[in-house]
Amino acid sequence: MAHAKPAPLLAAAGAATVAIGALALKKYLAARRVRASDAAAMAILGERNGRMHSPESVAAGRSFATRPSDVFIVTYPKCGTTWVSAICHFLRVAGDRETLAADFGEITEVVPWDIVARDCGQDLDADQVASPRLFKSHESYETVAKGGRYIYVARDPKDAFWSFYKFLPAYMQCGPLSVECFARGIFGGLSHSGGIWTHFAGWWPRRRDAGVLWVCYEDVKRDPAREIRRVAAFMGVDADDATVERVRATTTLQAMSADGSKYDDHFVFGKLRAQMGFPEDAVHMATKVRSGQVGGSKALPPKVARMLEDRWRGTMQRRTGLGTYAELRASVAH
């Protein structure tokens, strides 16, 4: 015959069951709030990002009359576009750091973004402040305007993704957005530039072309003077030791952070605010000069990191034979 449990034990068991149920309910409600927040944020992000460049401006940026001396700084977003654009600009102009930092209000004024230039009122056919003309681009090899020269900047996809996550939701002012939801958006085609893996894979076969120079973000970080010399030689500009040091000093993280408003994209935001659907009084709040960190993606949730690794294997490894980004860097070095 079974013995009944003492009343205190039954009470304790009941209390534990209630506590577990309350915890489960709390987690469920928190997850539901996150899902609702994510859905609202993604709706805003997708709408505003989708209106950032008109079809007419995209078409103009992909088909304007390039010059053989033109240099495009081509990247997938958040792979060092602003940094290398600044290096290229400072290589083509003369003067000390104070003069260089004062010759533009925001970097996109002197290095136009190909597919938004028309929407920003910039003439892609015009001469620029110095030669060679420079253009920022996130275009694939298939869609970029042909006839110029191209500096392709690559970065560890995990670090690029983390930087993109820290930048785009803030830029679009969409509200709280989980990194998992952002990852699903990027995998689902949120970015106009597609996925970083297909972007790399499309430009990789052109790496030995005379008009293409591959540069890795991590190498600019590790040995900026060497990479500045490589870029200068490719651009066809003189760069003695004094010039290289001047450009290096002007483009350190500390120097660019001090000149933060020159690298925060407020020029584009101001021109396209209404087009993207922002309120008239919306204030630009994002920055492109953040930490310049290599390995910052260690903060990625494991599930997202695995998603990125799987996509590399399914795209880059399948199309190029390169098993990892480290292998790509080693190949570029050679």
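Residues numbered from 1 in each chain as written. Predicted model: local features only at pLDDT ≥ 70, side-chain atom pairs only at ≥ 80, totals over all residues. Heavy atoms only, no water.

A word on the overall build of the chain. Counting its secondary structure elements, the chain contains 15 helices and four strands. Counting across all 334 residues of the chain, residues that qualify as buried make up 51%. Sequence separation of 24 or more characterises 78% of the internal contacts of the chain that already satisfy a separation of 6 or more. Summed over all atoms, the accessible surface of the chain reaches about 15,600 Å², with 56% contributed by carbon and sulfur. (Helix = DSSP H or I, 4+ residues; strand = E, 2+ residues; numbered from the N terminus. Buried < 20%, exposed > 50% of the residue type's maximum accessible area, 1.4 Å probe, protein only. Contact = heavy atoms within 4.5 Å. Areas by Shrake-Rupley, 256 points an atom, 1.4 Å probe, with all protein chains shown as cover.)

So, about the nonpolar core. In terms of nonpolar packing, the biggest core is built from 64 residues, with Phe 161, Tyr 171, Phe 182, Phe 200, Trp 214 and Leu 328 touching the most fellow members. Dropping the residues within four chain positions of it, Phe 161 is found in contact with Val 179, Phe 182, Ala 183, Ile 186, Leu 300, Val 304 and Leu 308. The next biggest cluster of nonpolar side chains, apart from the first, holds 33 residues, and it includes Trp 83, Leu 213, Val 237 and Val 289. (Core = buried A, V, L, I, M, F, W, Y, C linked by side-chain atoms within 4.5 Å.)

Further remarks concern the pattern of salt bridges. Evaluation of the coordinates by the stated rule reveals 13 salt bridges. As a salt-bridge pair, Arg 226 and Glu 227 come within 2.9 Å of each other at their nearest N and O atoms. Here Asp 241 makes a salt bridge to Arg 229, at a shortest N to O gap of 3.2 Å. Here Arg 229 lies in helix α10 (residues 224–235) and Asp 241 lies in helix α11 (residues 241–250), a separation of 12 residues in the sequence. (Salt bridge = Lys/Arg side-chain N within 4 Å of Asp/Glu carboxyl O.)

Right, let's talk about α10 for a bit. Helix length check: α10, at 12 residues, gives a terminal C-alpha distance of 16 Å against a target of 16 Å (1.5 Å per residue), a fit within 8%. Every buried residue of α10 is listed here: Glu 227, Ile 228, Val 231, Ala 232, Phe 234 and Met 235. The buried residues of α10 occupy an angular sector of 160 degrees when the element is viewed end-on, so they sit on one face. (Expected span 1.5 Å × (residues − 1). Arc of directions from axis to C-beta.)

We now examine the packing of aromatic side chains. Applying the stated rule across the entire model yields 24 aromatic pairs. Ring centres of Tyr 141 and Trp 203 lie 5.2 Å apart, and the angle between their planes is 85 degrees; on these two criteria the pair is classed as edge-to-face. Placement of the pair is Tyr 141 in the loop between β2 (134–137) and β3 (149–154) and Trp 203 in helix α8 (residues 196–203), with a sequence separation of 62 residues. Residue classification places Tyr 141 among the partly exposed positions, given a relative accessible area of 22%. Geometrically, the ring pair formed by Phe 269 and Phe 278 is edge-to-face, given 4.9 Å between the ring centres and 65 degrees between the ring planes. By relative accessible area, which is 7% here, Phe 278 ends up buried. Aromatic rings pair up to connect Phe 64, Phe 72, Phe 135, Tyr 141, Tyr 150, Tyr 152, Phe 200, Trp 203, Trp 204, Trp 214, Trp 312 and Tyr 325 into one cluster. (Phe/Tyr/Trp six-rings, centres within 6.5 Å; stacked < 30°, edge-to-face > 60°.)

Attention now moves to unusual backbone geometry. The linkage connecting Ser 131 with the following residue, Pro 132, adopts the cis geometry, with an omega of 0 degrees. Looking at the element boundaries, Pro 132 is found in the loop between α5 (107–110) and β2. Even without being a glycine, Lys 78 presents a positive backbone phi close to 70 degrees. Positionally, Lys 78 belongs in the loop between β1 (71–75) and α3 (81–92). Unlike most non-glycine residues, Gln 173 shows phi in positive territory, near 50 degrees.

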